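Topology and contacts: notes
So you can see what is in the structure, the chains are spelled out below.
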Amino acid sequence: MDNYNYKPVLLQFSETELRNKALEKAQNITLRFYQNGNSDDVTRKASTDESTILFNCIYGALSEIRYRDDSAQVAMDTAENIADMFIPNINGYCSVYIPIWDILTECRELIGKREAK
């Protein structure tokens with residue numbers, strides 16, 4: 001994670017656009033299971049309840065990042081931690097942190113393309 005200020009980037013997207021990006025990312029979940037000391041991650045379609053939790057964590061982080069001038073890191077870490085508390089066996093890094101990072105990267109690239117025109 002870089003120290004880039006994503007607020008100006010996210011402010012160029014409507015709340016509806018950010019909600020839709022969060023809804024899209026909340027459709028899948030990665031769970032981590034342990035057997036004989038080894039971990040195994042399984043990605044599958046999220047249940048309705050899981051998807052709701054993932055959406056709220058992802059969109060909540062995006063909303064927080066959108067209204068703060070400092071690093072996005074705290075919002076991303078907090079969203080991952082909250083998901084870990086609500087969904088047993090979740091791999092919060094793969095299910096929440098990476099999707100938020102993907103959205104931030106996508107938004108930053110879209111802004112870059114707009115500015116290059």
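Up top you'll find the structure we're talking about.
Residues numbered from 1 in each chain as written. Predicted model: local features only at pLDDT ≥ 70, side-chain atom pairs only at ≥ 80, totals over all residues. Heavy atoms only, no water.

Right, let's talk about the overall build of the chain for a bit. Counting its regular elements, the chain contains 5 helices and 2 strands. Order of helices (α) and strands (β) in the chain, N terminus to C terminus: α-α-β-β-α-α-α. Its C-alpha atoms give the chain a radius of gyration of 15 Å, near enough to 13 Å, the size a compact globule of 117 residues would have. Its C-alpha atoms give the chain principal-axis dimensions of about 55 × 25 × 25 Å. Counting all 117 residues of the chain, 36% fall into the buried class. Within the chain, contacts between residues separated by at least 24 positions form 69% of all contacts whose residues are at least 6 apart in sequence. Carbon together with sulfur atoms contributes 49% to the accessible area of the chain, which is approximately 6900 Å² in total. One finds the centroid of the 13 positive side-chain charges in the chain at a distance of 6 Å from the centroid of its 18 negative side-chain charges. (Helix = DSSP H or I, 4+ residues; strand = E, 2+ residues; numbered from the N terminus. Rg over C-alpha atoms; globule rule 2.2 N^0.38 Å. Buried < 20%, exposed > 50% of the residue type's maximum accessible area, 1.4 Å probe, protein only. Contact = heavy atoms within 4.5 Å. Areas by Shrake-Rupley, 256 points an atom, 1.4 Å probe, with all protein chains shown as cover. Lys, Arg positive; Asp, Glu negative; His and termini not counted. Charge placed at Lys NZ, Arg CZ, Asp CG, Glu CD.)

Evaluation of the coordinates by the stated rule reveals 6 salt bridges. Across the pair Glu 106 and Lys 21 runs a salt bridge whose closest N-O atoms are separated by 2.6 Å. Placement of Glu 106 in helix α5 (residues 92–116) and of Lys 21 in helix α2 (residues 15–25) is noted, with a sequence separation of 85 residues between them. Residue Lys 21 is classed as buried on the basis of its relative accessible area of 14%. Two residues, Arg 44 and Glu 50, come together in a salt bridge whose shortest N-O distance is 2.8 Å. (Salt bridge = Lys/Arg side-chain N within 4 Å of Asp/Glu carboxyl O.)

Let us now look at unusual backbone geometry. Positive phi, normally seen in glycine, also occurs at Asn 36, with a value near 55°. The residue Asn 36 is located in the loop between β1 (28–35) and β2 (38–45) in this model. Located in the positive-phi region is Asn 89, a residue other than glycine, with phi close to 65°. The partly exposed category is assigned to Asn 89, whose relative accessible area is 44%.

Interpretation note: all reported values are geometric properties and have no functional meaning in isolation.
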